[in-house]
Amino acid sequence: MDILVTGGAGFIGGHLAESFARDGHDVTVLDNLDPYYAVGIKRQNIELGRAAARESNSAGADDTRVDGGQTRLEYDETEVPASDTGGSYEFADGDVRNADLVERLVADADIVYHQAAQAGVRTSVDDPRKPNDINVDGTLNVLDAARKTDVERIVLASSSSVYGKPEYLPYDEAHPTTPVSPYGVSKLAGEQYARVYHEVYGLPTVALRYFTVYGPRMRPNMAISNFTARCLNGEPPVVYGDGSQTRDFTYIDDIVGVNRTLMTDDSADGEILNVGSTGNIEIHTLAELIRDTIDPSLGLEYAEQPMGDAQHTHADVSKARELVGYEPTTSIRQGVAQYIEWFRANRDWYEPLVLQS
Ligand code: NAD
């Protein structure tokens, strides 16, 4: 299959692209290497995607130029060579806000995994326009381009941030959506556009409401990566607020799994699905878990809770289970242990970037 992964140099998109390339698909990654967090991690993701494609078959990966690291609306067509036969990996250094570029890339795709976004609630509180421009306009570009093609499916990354204030927990998809951050509003707009494009134009779309995803190569500005970096540095983890907030942390392998299912399964077309782990944990318990795994002698530090953070997230995944057989398999204990092991092995390049954020 020809697969377009927008935001494929990022954390989740990087894992998706690598997994698809390893299976021998023709993968194109569109990413502008937005420098809002360390571009080095993104370059690493691109290299891993290429390596997976090379391993996947004798045809090997298309060797394309990785260039830039700047947020660019312009794009040089020569940077996307024609797709090769067999498994391949192409990197397009460009912007989802560039409608012409998106149209050209979507036209060549059998399926699109739209991950590109300004992720994270806190950055959206500081700069509310950026997530609107990228997450809403970018999503609209992808959907509108797909409307003009016979693409088999558009799978969008939405977020538990669309729920905001819990009226009951765990959230099912019928729970009211009252986002508490500009980011949550932008993700809600994106998934609603997808639903409408399905209803009005018959476009096969599926929006996945991810619940706090973690694992190797995760964004450095998240609780699990920060706690781990600090503990490995001999410093106590810093917990925001009193730590009684709860999160449904979802391991990256479970996220990759459901996305892979959607490559061929049309049972959820037109739907919005929660994708969480179904377990939730208080943030201070998570900090203790990480600290006790690394160095139990370290204490805990507390800092003021930033605006825009939801107090609780907890997923009811019955709908995803019923429609596409989604079953999260990695517990927080297992996932954190795997992450810490990975972090230790990759300290050389990952840790300085984490501490930088
Ligand atoms: P990420 O920041 O690692 O990945 C996003 C990628 O998109 C980055 O590589 C970035 O360079 C790219 N990008 C940003 N703006 C772009 C633009 N204008 N044009 C092209 N590329 C652009 O984030 P992630 O954690 O991998 O998240 C992936 C998706 O999942 C996002 O849509 C995010 O909103 C959603 N999501 C993530 C989580 C989570 O916990 N990680 C939870 C819920 C939803």
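Parameters and conventions
- Residues numbered from 1 in each chain as written.
- Predicted model: local features only at pLDDT ≥ 70, side-chain atom pairs only at ≥ 80, totals over all residues.
- Heavy atoms only, no water.
- Near = heavy atom within 4 Å.
- Polar contact = N/O pair within 3.5 Å; in protein donor to acceptor, adjacent residues only side chain to side chain.
- Areas by Shrake-Rupley, 256 points an atom, 1.4 Å probe, with all protein chains shown as cover.
- Helix = DSSP H or I, 4+ residues; strand = E, 2+ residues; numbered from the N terminus.
- Nonpolar A, V, L, I, M, F, W, Y, C, P; charged D, E, K, R; others polar.
- Buried < 20%, exposed > 50% of the residue type's maximum accessible area, 1.4 Å probe, protein only.
- Pairing = 2+ DSSP bridges.
- Axes fitted to C-alpha atoms, helices over the stretch in contact; angles between N-to-C directions.
- Contact = heavy atoms within 4.5 Å.
- Salt bridge = Lys/Arg side-chain N within 4 Å of Asp/Glu carboxyl O.
- Patch = residues over 30% accessible without salt bridge, like charges linked within 9 Å, V, L, I, M, F, W, Y side chains within 5 Å.
- Core = buried A, V, L, I, M, F, W, Y, C linked by side-chain atoms within 4.5 Å.

*Asks:* Give a description of the site of the ligand that names residues and reports values.
*Replies:* Taken together, 31 residues lie near the ligand, and Asp31, Tyr37, Tyr183, Val213 and Arg219 sit nearest. Taking Tyr183, its side chain carries an N or O atom lying 2.6 Å from an oxygen atom of the ligand. One of the side-chain N or O atoms of Lys187 is found 2.8 Å from an oxygen atom in the ligand. In isolation the ligand has 810 Å² of accessible area, and contact with the protein removes 98% of it. The element best represented in the shell around the ligand is strand S5 (residues 153-159), accounting for 3 residues. In the shell around the ligand, the residues fall into 16 nonpolar, 8 polar and 7 charged.

*Asks:* Describe in detail the side chain of Thr205, supporting the description with residues and values.
*Replies:* When you line up the elements, Thr205 lands in strand S6 (residues 205-210). For Thr205, a relative accessible area of 1% translates into the label buried. Within the structure, Thr205 has its side chain in polar contact with the backbone oxygen of Ala194 (distance 3.0 Å).

*Asks:* Tell me what's going on with the sheet that holds S6, and back it up with residues and numbers.
*Replies:* Within a sheet, neighbouring strands are paired by backbone hydrogen bonds and run either parallel or antiparallel to one another. Pairing within the open sheet is parallel, and its 7 strands lie in the order S3-S2-S1-S4-S5-S6-S11. Only two strands of the sheet have a single partner each, and these edge strands are strand S3 (88-93) and strand S11 (271-275). The mean inter-strand angle of the sheet, taken between neighbouring strand axes irrespective of direction, is 20 degrees. Looking at chain direction, strand S2 (residues 26-31) and S3 are connected through 6 bridges and run parallel. Pairing of Thr28 across the sheet is with Glu90, part of S3. Strand contacts of helix H8 (residues 252-261): strand S4 (111-114), S5, S6 and S11, with the helix running at about 170 degrees to S6, the strand carrying the most contacts.

*Asks:* Residues and numbers for the pattern of salt bridges, please.
*Replies:* For the structure shown, the criterion picks out 19 salt bridges. Ionic pairing is found between Arg97 and Asp95, a salt bridge with its closest N-O pair at 2.8 Å. With a shortest N-O distance of 2.9 Å, Arg147 and Asp144 are connected by a salt bridge. With Arg147 and Asp144 both in helix H5 (residues 129-147), this residue pair falls 3 residues apart, about one helical turn. Among the residues examined, Asp144 registers a relative accessible area of 21% and is labelled partly exposed. Look at the salt bridges and you will find they share partners, linking Glu18, Arg22, Glu55 and Arg217 into a network.

*Asks:* Quick one: what's the story with a nonpolar patch on the surface, residue by residue and with numbers?
*Replies:* A surface patch of nonpolar side chains, about 270 Å² in accessible area, is lined by Val196, Val200 and Tyr201. Within the secondary structure, Val196 sits in helix H6 (residues 182-201).

*Asks:* Talk me through the nonpolar core; I want residue IDs and the actual numbers.
*Replies:* In this structure, Tyr113, Leu208, Ile224, Leu286, Ile290 and Val336 are the most contacted members of the largest nonpolar core, which totals 73 residues. The residues contacting Leu286, other than those within four sequence positions of it, are Ala223, Ile224, Phe227, Phe249, Ile281, Ile332 and Val336. By size, the runner-up hydrophobic cluster in this structure holds 24 residues, among which are Ala109, Val112, Ala116 and Ala146.

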